[in-house]
Protein chains: 2
Amino acid sequence: MGIFQFCPEHNINNNSSAARAGRFTTSHGEVLTPTFMPVGTQGSVKGVTPAQLKEIAPQIILGNTYHLSLRPGDELIKSLGGLHNFMAWDGPILTDSGGFQIFSLASMRKITDDGVFFQSHIDGSKCFLSPERSMEIQRNLGSDIVMALDECPAGRSERLKLEKSVSRTTEWLKRCRTFSLGEHQGLFAINQGGTHLDLRLRHLEDILEIDAKCPFQGFAIGGLSVGEPKEEMNAVLSELVKELPDDRPRYLMGVGTPEDILFGIEQGVDMFDCVLPTREARHGRLLTSIGRINIKNARHRFSDTPIDPNCSCYTCRIFSRAYLHHLFKAGELLGLTLNTIHNLSYTVELTRAARKALQDKSLPDFALATRRLWQTEGL
Amino acid sequence: MGIFQFCPEHNINNNSSAARAGRFTTSHGEVLTPTFMPVGTQGSVKGVTPAQLKEIAPQIILGNTYHLSLRPGDELIKSLGGLHNFMAWDGPILTDSGGFQIFSLASMRKITDDGVFFQSHIDGSKCFLSPERSMEIQRNLGSDIVMALDECPAGRSERLKLEKSVSRTTEWLKRCRTFSLGEHQGLFAINQGGTHLDLRLRHLEDILEIDAKCPFQGFAIGGLSVGEPKEEMNAVLSELVKELPDDRPRYLMGVGTPEDILFGIEQGVDMFDCVLPTREARHGRLLTSIGRINIKNARHRFSDTPIDPNCSCYTCRIFSRAYLHHLFKAGELLGLTLNTIHNLSYTVELTRAARKALQDKSLPDFALATRRLWQTEGL
């Protein structure tokens, strides 16, 4: 397909780190990595306009296949020129496969080798998602990066269940790979296997066998950060990333906190997505370079300082904590928007700063300084 | 005080219309009239950032004394540099007196000649508002235009009650007039009297007697559009406006619909405010040059056209009805913001276009064409 030219720019290449900066090209623009993708579940990054999003300046955003196919429908979006046109975002978009949402949101699931029968969480209607249908939806949406359909078992599933699930995901991956996507769409494969490194590596072998015949444009790690202990996640992530092809982007799905993103970057992950920054913002929980603050807290009531003295986002440039505290207490919509602008800006900036540190060959120092600042007391 | 130099620029001056364009200056900028003031009840025009509001470009906005004094408190806002600084709006601001909200929102009211005892609608705490306290709050907020405290009886009150209320409002006005406001603040008097023209004119005489000793910077008409029949409101408005001094701005409080604003302009009103555009927007009811639409309606589901083909606001430039329909159905915050941007832009633009028509001496044609377009069928 050739639309993805992933170019690893800078590897630290010492024993302690596999971290790297890179870039790849889509028909909607270049993506500089490492990068964080804000989540636009229903065709909108909650609470912000495309103009505000442009100022936050993520390299790429994410749309949800499950939600968009149920409402307003992928055919409707196609008829209106595709997801970019529909939501007025002209930068790159990645769509997920819908698998994760079916396994976490829908009810009455019945999984067969063919696909998944489920009830819509919106109106209870009976629906079906197969590898082919997931590809068709994503082709209709016209996203730049399409994710293969995977089975997503619950975190802490039994090994036997995970093994079966990995096998099915491999079979589904073959069907996704043979589906004819749009000319400018790239397909990412997803690795599963819970926290069992051997299972993950075996799955990766199967993926690379398919890849050898018809290459994927990237590789994703699914099924982590779903309830397992942090140490187990970190251990398997660290080992697994080493085995992923280094000539294509690596995407750690659904991660995460600033701490997890920084750890992922150190292991050599290129792409991240998570609802955490936007969801936390709507609850008044704000991420800052000097640790987390809760804007509801009474000590912000009279504070004339910005959320984060080291942040240059619209919210931090213009508004005091006292004002944001007031908006939150008064239930004003604007508070949700301003908090979201900040949390997204903070997270996007974290990956941008890490990229710069990688280019300067100073990631270890950057990571140390960042972690130390997060421990600041008395915000 | 001299900060208000109201300059009536263009009067049509024929028997059928007293409409006029004008301008006056505040320390936060010039206000071109006729003009519509978006309402920022709690220190925020609901759902829009100051940057978005700047693009909508109202000449002046409104803040609510009652709400802001209860939360976050006028002393707090003063300590943070005043309302302009607190909410990051550097254009002119008018604050109301708090009277209307006490009579419509608070409970356990007890009215005395001294002032009003009431319970906060937020936490039930006991509060007191007097003419002096209203002036003090508005001085702390630092608004450009301060409204005198009036008693606001319910629409359709008995005449005897209205008479008593008007007398009290006159006494309170004297106390407001003697209160020492900020150097750059102007004070507007409010005329009451329900739909009884003779009562209104008698009240106006009393107001002008006070004005003769120490002039007000403008005159407001309160207590209309509070449930009385439209014909009665229009009749009293039409006659009353003729008697207001023509060298200072005339403000019709709490009005209103596009139809009512246009009628008011034709009678010679200069300023309007209303929550209607913002509140309706949040319910998906959109004002357009070709009549009202409800974005929830299924016929907008596939529509690739903007809300209003004649509108150049951010929402209409960028988004389809289909997208806004989807956002509303999906409960997305962004829908509230985009709808609000449109309804405010539409209302502000209506007054701007009327001003231009007045300058071109073509208001009657403009009004005729506007009313005809509102009747367009098959949106």
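Residues numbered from 1 in each chain as written. Chains lettered and ligands numbered in written order. Predicted model: local features only at pLDDT ≥ 70, side-chain atom pairs only at ≥ 80, totals over all residues.

Caption draft 1: Region of interest: the overall build of chain A. For chain A, the helix and strand inventory stands at 15 helices and 17 strands. A globule of 379 residues ought to have a C-alpha radius of gyration of about 21 Å, and chain A, at 20 Å, matches this closely. With the C-alpha coordinates of chain A rotated into their principal frame, the extents come out at 60 × 50 × 40 Å. A total of 379 residues make up chain A; the buried ones form 52% of that total. When contacts within chain A are restricted to residue pairs at least 6 apart in sequence, those whose partners lie at least 24 apart make up 67%. (Helix = DSSP H or I, 4+ residues; strand = E, 2+ residues; numbered from the N terminus. Rg over C-alpha atoms; globule rule 2.2 N^0.38 Å. Buried ≥ 20, exposed ≤ 12 C-beta atoms within 10 Å, placed from the backbone. Contact = placed C-beta atoms within 7 Å.)

Caption draft 2: The arrangement of the domain arrangement of chain A in detail. All names here are of chain A. Entries for chain A in the domain assignment read domain 1 (7–274) and domain 2 (275–379). The C-alpha-based centres of domain 1 and domain 2 are spaced at 26 Å. Taken residue by residue, the interface counts 29 residues in domain 1 and 25 residues in domain 2. Broken down by secondary-structure element, the contributors of at least two residues to the side of domain 1 that touches domain 2 are β2 (20–26), β4 (35–37), α1 (50–56) and α10 (258–267). (Domains from an automatic or database assignment.)

Caption draft 3: Main features of the relation of the copies chain B and chain A. Rotating chain B by 180° and translating it 0.0 Å along the rotation axis places it on chain A, where the RMSD comes to 0.0 Å. Taken together, these values place the two copies in the relation of a two-fold axis. Taking C-alpha positions as reference, the residue of chain B nearest the rotation axis is Leu333(B), located at 4.0 Å. Comparing interface residues between copies, 100% of those in chain B also sit at the interface in chain A, which points to an isologous, same-surface contact. (Least-squares fit on C-alpha atoms with pLDDT ≥ 70 in both.)

Caption draft 4: Looking closely at the interface of chain B and chain A. Opposite the 30 residues of chain B that make contact, chain A presents 30 residues. Taken together, the residues that form the side of chain B that touches chain A break down as 16 nonpolar, nine polar and five charged. (Nonpolar A, V, L, I, M, F, W, Y, C, P; charged D, E, K, R; others polar.)

Caption draft 5: Representation of the sheet that holds strand β7 (residues 93–95) of chain B. Residue and element names in this part refer to chain B. Strand order in the open sheet made by the nine strands is β4-β15-β14-β13-β12-β11-β7-β6-β5, with parallel pairing throughout. With partners counted over all chains shown, the strands left at the sheet margins are β4 (35–37) and β5 (39–40), one partner each. Pairing analysis gives four bridges linking strand β12 (residues 186–191) to strand β13 (residues 218–221), with the strands arranged parallel. Each residue of the ladder has a partner; that of Asn-191, found in β13, is Ile-221. (Pairing = 2+ DSSP bridges.)

Caption draft 6: Structural context of helix α6 (residues 131–141) of chain B. Among all positions in α6(B), only Pro131(B), Ser134(B), Met135(B), Ile137(B), Gln138(B), Asn140(B) and Leu141(B) are buried. Downstream of α6(B) by a residue or two, Gly142(B) has a phi angle that is positive, lying close to 75°.

Caption draft 7: Unusual backbone geometry, seen in detail. Residues and elements named next belong to chain B. Residue Pro-34 is bonded to the preceding Thr-33 through a cis peptide linkage, with omega at 0°. Position of Pro-34 relative to the elements: it lies in the loop between β3 (29–33) and β4. Cis geometry is found at the peptide bond from Arg-71 to Pro-72, where omega equals 5°. Tracing the backbone shows Pro-72 in the loop between α2 (65–70) and α3 (74–79). Unlike most non-glycine residues, Ser-225 shows phi in positive territory, near 60°. Of note in the backbone geometry, Lys-361 takes a positive phi value of approximately 55° without being a glycine. Its 13 C-beta neighbours within 10 Å are what place Lys-361 among the partly exposed residues.

Caption draft 8: View of the sheet that holds strand β15 (residues 271–273) of chain A. Residue and element names in this part refer to chain A. As summarised here, the arrangement of the nine strands in space is β4-β15-β14-β13-β12-β11-β7-β6-β5, forming an open sheet in which the pairing is parallel. The two strands at the open ends of the sheet, each matched to only one other strand, are β4 and β5 (39–40). Pairing analysis gives three bridges linking strand β13 (residues 218–221) to strand β14 (residues 250–252), with the strands arranged parallel. When the bridges of β14 are listed, Phe-219 appears paired with Arg-250.

Caption draft 9: Here's a closer look at the environment of Ile190(B). Residues and elements named next belong to chain B. Its location among the elements puts Ile-190 in strand β12. Counting along the chain gives 27 residues from Ile-190 to Glu-163, while the straight-line C-alpha distance between them is 15 Å. With residues up to four places along the chain from it excluded, the contact list for Ile-190 reads Met-147, Ala-148, Asp-150, Ala-220 and Gly-222.

Caption draft 10: Layout of the packing of helix α9 (residues 230–243) of chain A against α10(A). All names here are of chain A. Relative orientation of the contacting elements α9 and α10 amounts to 30°, with a least axis distance of 9 Å. Regarding the angle of α9 to α10, the classification is roughly parallel. Here α9 and α10 pass one another in a crossing that is right-handed. Contacts from Asn-234, Leu-237, Ser-238 and Val-241 in α9 reach Phe-263, Gly-264 and Gln-267 in α10. In the contact of α9 with α10, the residues fall into three nonpolar, four polar and no charged. (Axes fitted to C-alpha atoms, helices over the stretch in contact; angles between N-to-C directions. Parallel < 35°, antiparallel > 145°, perpendicular 65-115°, else oblique. Left-handed = near helix turned anticlockwise from the far one by under 90°.)

Caption draft 11: Structural view of the packing of α6(B) against helix α7 (residues 159–178) of chain B. Residues and elements named next belong to chain B. In the contact formed by α6 and α7, the axes pass within 8 Å of each other and the chain directions differ by 40°. Considering their axes alone, α6 and α7 lie oblique with respect to each other. Crossing handedness for the pair α6 and α7: right-handed. From α6, Pro-131, Glu-132 and Met-135 reach across to α7, where they touch Trp-172, Arg-175 and Cys-176.

Caption draft 12: Highlighting the environment of Ile122(A). Residue and element names in this part refer to chain A. With respect to the element layout, Ile-122 can be found in the loop between β9 (116–119) and β10 (126–129). Judged by C-beta crowding, with 13 C-beta atoms within 10 Å, Ile-122 ranks as partly exposed. Remark: the alpha-carbon pair of Ile-122 and Leu-70, spanning 52 residues in sequence, is separated by 8.0 Å. Once residues within four sequence positions are removed from consideration, Ile-122 is found in contact with Leu-70 and Arg-71.

Caption draft 13: Broad picture of the pairing of strand β10 (residues 126–129) of chain B. All names here are of chain B. When strand β9 (residues 116–119) meets β10, the two strands line up antiparallel, connected through four bridges. Its bridge partner lying in β10, Phe-117 is registered against Phe-128. Between β9 and β10, which pair antiparallel one after the other, the connecting turn spans six residues, and Gly-124 there sits at a positive phi close to 75°.

Caption draft 14: Fine view of the confidence of the model for chain A. Of the residues in chain A, 96% reach a pLDDT of 70 or more, and the chain-wide mean stands at 94. Across the whole predicted complex the pTM is 0.97, and at the interface the ipTM reaches 0.96. (pLDDT = per-residue confidence, 0-100.)

Caption draft 15: Region of interest: the environment of Leu62(B). Residues and elements named next belong to chain B. Residue position: Leu-62 is located in strand β6 (residues 61–63). Look at Leu-62 and you get buried, because 24 C-beta atoms sit within 10 Å. Each C-alpha atom, one on Leu-62 and one on Met-233, is 23 Å from the other, the two residues being 171 residues apart in sequence. Once residues within four sequence positions are removed from consideration, Leu-62 is found in contact with Met-37, Val-39, Gly-40, Leu-94, Asp-96 and Asp-273.

Caption draft 16: Seen up close, the pairing of β9(A). Residue and element names in this part refer to chain A. The side-chain alternation of β9 yields one buried face, formed by Val-116 and Phe-118, and one unburied face, formed by Phe-117 and Gln-119. Inspection of the sheet shows strand β8 (residues 107–111) paired to β9 by three bridges, in the antiparallel sense. Considered in β9, the bridge of Ile-111 is made with Val-116. Remark: four residues form the turn of the hairpin made by β8 and β9, two consecutive strands paired antiparallel.

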